[in-house]
Amino acid sequence: MSRGGRHAYGALSVLAAGALVLTGCSKGGSDGGTDGKKDQENAKSQQASIKFGDAADSTGPAADVPGAKSGGTMEVLQRDSYAHLDPAQIYVSDQMSLAQLIHRGLTGYKATGNDGKQHEVVGDLATDSGTTTDGGKTWKYTLKDGIKFADGTPITSKDVRQSIERLFAPFITQGPSYLQQWLADTSGADYRKLLKDGPYKGKHLPNSILETPDAKTIVFHFKKAHPDLPYALAMAGYSVVSAKGDTKQRYDKAPVASGPYKIQSFKSGKSMVLVKNPNWDPKTDPIRHQYVDQFNFQFNQQFETSTKALLADSGPDQTGISFNNQVDAGNLSQVLRDPKMKARTVSGYQPYVGQMNINMSKPELKDIRVRQAIAYALPVTPFVRAYGGTDAMEVAGGLISPTVSGYDPSFDPYGKKKTPAGDAAKARELLKKAGKLNMKLTFGYINTNEGQQYSTAMAAGLKKAGFNVQRQEIPAETYYDQVSKLNNPYDIFHTAWGADWPSASTVIPPLYDGRQIADGAANYSQINDSHVNSEIDRINQITDPVKSAAEWEKIDKYLLTKVVNEVPTGYYKQTQIAGSKVGGLVYDDVIGGIDPRRLYIK
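Residues numbered from 1 in each chain as written. Predicted model: local features only at pLDDT ≥ 70, side-chain atom pairs only at ≥ 80, totals over all residues. Heavy atoms only, no water.

A. Region of the structure containing the sheet that holds strand S15 (residues 492-498). The sheet built from 6 strands is open, its strands ordered S12-S16-S11-S15-S13-S14 with mixed pairing. Taken across any chain shown, the strands that pair with only one partner, and hence form the sheet edges, are strand S12 (393-395) and strand S14 (467-474). Taken over all neighbouring pairs, the strand axes of this sheet differ in orientation by 30 degrees on average, direction set aside. Here strand S11 (residues 345-358) pairs with strand S16 (residues 566-577) via 9 bridges, running antiparallel. Within S16, the residue paired with Val346 across the bridge is Gln576. (Pairing = 2+ DSSP bridges. Helix = DSSP H or I, 4+ residues; strand = E, 2+ residues; numbered from the N terminus. Axes fitted to C-alpha atoms, helices over the stretch in contact; angles between N-to-C directions.)

If you want it as structure tokens, here you go:
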């Protein structure tokens, strides 16, 4: 999943967690408040196994939040508006947070404690997390009684079938593709051939692939075993869509809710109001609460703006929060060191790895010496500093996060951990050998305070090495839509990706499979390497998680030393604050931020 514009865990896996050692951070800003031991424990906890719950675990209502009470209006200050509300188009972290309140799927993550660190996968709309009798080739789900959409329509297997079949339609371009690929038994974008128009021209998936024998039963048939299906189905991108209310592309702005809240109004880029969904039955939901009467969202609130408002803690800001904005760099050190802020602050290690993409589709970037020059020249210090220094981020060596099995803390091919300011001299030498001194580079950057800050300093570092850098701003709301276009005008641009569950099988294939080059896909660098493609197919068949983790790490090293299509920048952490009258404040490891499902007003 992408961040910030994309992804927190949409799911976590039962992979074996190996020993984890985090390296010391290179200087990128303040570091006085960084707790290395706590970071290690936090990252390792995100590798821990999560069990599949049975029917008893999947029964609502959700356990009460201590001290919670109902009523009131909560202010939500968000930097980015929501480009997508259709579940099938949701693969970005802020949209995934919102989805926790308005959408439901067959499975979901239930917190089994009050600290956001213990979870199990349970049946959400389904009666359990799924049953399989053949190791994961066949999965059966049964829908609960009493589940309805916000318009009062009962949720049936017809809606589930519609939700799955529409994933193959050409207008669905932004969401996850695991389920589609598994059903089609193929890699890359070839899954669309299975049902190229979705259900909209009268064709459907055969019963040999997807069975809905009655209103309550759904059966998935895969040619290969997919024991991770309950995790995948817990992703927001696989939430259920109303067959009756499916308006195709228009559903993206006005979806029919199935969660505890529905959208009363949405003015893109300005505001959103969520109100209680009267047709949500807490007895069917083991995951969510409906304490707050109304959520009032305000968009275009930069990190600094929202931080200052919540720190001031007056008027509506006392009951204010941000689901995704972090404490801005200028105030982060103060917030972390103020004992009075402890009760209003949550922090956590995120699964994201930041990376500068080198657009492999550009003819001028075909020469590996040019790409190597970018890799060595690029300073990552400005990026780390823009988000708050090492309180907010660790300088990255590779593409696999410390929260994911297979992470190698010693891997640092471009020496960023030792010299985060970059090596302009080495880069200039490479560029000179390639005969490309003063070569033009179009640097697309996200138009936020942080994006403006880091892109300016990064561009200066590249210029020092001999590049003619032209910065080009991209609106934050549509950033990932723009950089995921095949014919985008950018030579380099930054993205961040977090594993959908803590296996690099949810990092390497979606980002680097050349068969997944398509508009809206996550192969942002547009790499198509035959070795990488074949290794993805081979490693995906390894069932031993320890062995597969080691093999994925080899691909990480191949990409950064033999291909050079990315430059890792940082491993993310996040600190968020709330108003003094906000209750139920917890940093949830699965969501990768504040858990909106348990919030209440004191």
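Back to the text.
B. Fine view of helix H11 (residues 449-464). End to end, H11 covers 23 Å across 16 residues, agreeing with the expected 22 Å (1.5 Å per residue, within 8%). Among the residues of H11, those classed as buried are Glu450, Gly451, Tyr454, Ser455, Met458, Ala459, Gly461 and Leu462. In a view along the axis of H11, the buried residues occupy a sector of 160 degrees, so they form one face of it. Among the residues trailing H11, Gly466 stands out with phi positive, at a value near 115 degrees. (Expected span 1.5 Å × (residues − 1). Buried < 20%, exposed > 50% of the residue type's maximum accessible area, 1.4 Å probe, protein only. Arc of directions from axis to C-beta.)

C. Focus on the packing of aromatic side chains. Counting across every chain of the model gives 27 aromatic pairs. A ring pair is formed by Phe52 and Tyr231, whose centres lie 4.8 Å apart and whose planes are at 50 degrees; its orientation type is tilted. Remark: Tyr231 occurs in helix H5 (residues 229-233) and Phe52 occurs in the loop between helix H1 (36-45) and strand S1 (73-77); sequence separation between them is 179 residues. Note on Phe52: relative accessible area 32%, which makes it partly exposed. Plain terms: the ring middles of Tyr82 and Phe299 are 5.4 Å apart, the flat faces sit at 85 degrees to each other, and that makes the pair edge-to-face. Residue Tyr82 is found in the loop between S1 and helix H2 (93-102), and its partner Phe299 is found in the loop between strand S9 (294-298) and helix H6 (303-312); the two are separated by 217 residues along the sequence. In this pair, the class of Tyr82 matches that of Phe299, namely buried. Members of the aromatic cluster, connected to one another through ring pairs, are Tyr82, Tyr261, Phe266, Phe295, Phe297, Phe299 and Phe323. The positively charged end of Lys557 is found above the aromatic ring belonging to Phe411, 5.6 Å away from the centroid. (Phe/Tyr/Trp six-rings, centres within 6.5 Å; stacked < 30°, edge-to-face > 60°. Lys NZ or Arg CZ within 6 Å of the ring centre and 35° of its normal.)

D. Region of interest: unusual backbone geometry. Of note, the bond from Gly60 into Pro61 is cis; its omega dihedral lies within 30 degrees of zero at 0 degrees. Residue placement: Pro61 occurs in the loop between H1 and S1. Here the phi dihedral of Asp185 falls at roughly 55 degrees; this positive angle occurs in a residue that is not glycine. On the accessibility criterion, Asp185 (30% relative accessible area) is partly exposed. Residues other than glycine seldom take positive phi values, yet Asn300 does so here, at roughly 65 degrees. Note on placement: Asn300 falls in the loop between S9 and H6.

E. Summary view of the confidence of the model for the chain. Summary statistics for the chain give a mean pLDDT of 90 and a share of 92% for residues scoring 70 or more. Below a pLDDT of 50 lies the segment residues 5-34, which in the model reaches 141 contacts outside its immediate sequence neighbourhood of four places, other chains included. (pLDDT = per-residue confidence, 0-100. Contact = heavy atoms within 4.5 Å.)

F. Region of the structure containing helix H10 (residues 424-433). Among all positions in H10, only Ala424, Ala427, Leu430 and Leu431 are buried. Each buried residue of H10 sits inside an arc of 125 degrees when the element is viewed along its axis, so together they form one side. Turned more than 90 degrees from where H10 packs its buried face, Ala425, Lys432 and Lys433 sit exposed. Against the buried residues of H10 lie helix H8 (368-377), H11 and S14. Downstream of H10 by a residue or two, Gly435 has a phi angle that is positive, lying close to 70 degrees.

G. Representation of the packing of H8 against H10. The N-to-C vectors of H8 and H10 enclose an angle of 165 degrees; their axes lie 8 Å apart at closest approach. Taken together, H8 and H10 sit at an angle that is classed as roughly antiparallel. As H8 packs across H10, the resulting crossing turns out to be left-handed. Here H8 contributes Arg369, Val370, Gln372, Ala373, Tyr376 and Ala377 to the contact with H10, which in turn contributes Lys426, Ala427, Leu430, Leu431 and Lys433. (Parallel < 35°, antiparallel > 145°, perpendicular 65-115°, else oblique. Left-handed = near helix turned anticlockwise from the far one by under 90°.)

H. Main features of the nonpolar core. By size, the foremost hydrophobic cluster in this structure holds 132 residues, and its most contacted members are Leu179, Phe220 and Phe467. At 6 residues, the largest contribution of residues to this core is made by H8. Excluding residues that lie within four positions of it along the chain, Phe220 makes contacts with Leu106, Lys137, Thr138, Trp139, Tyr141, Ile164, Leu179, Leu183, Ile209, Leu210, Leu229 and Leu233. Within the second largest apolar cluster, 27 residues are counted, among which are Met74, Tyr261, Ile321 and Phe323. (Core = buried A, V, L, I, M, F, W, Y, C linked by side-chain atoms within 4.5 Å.)

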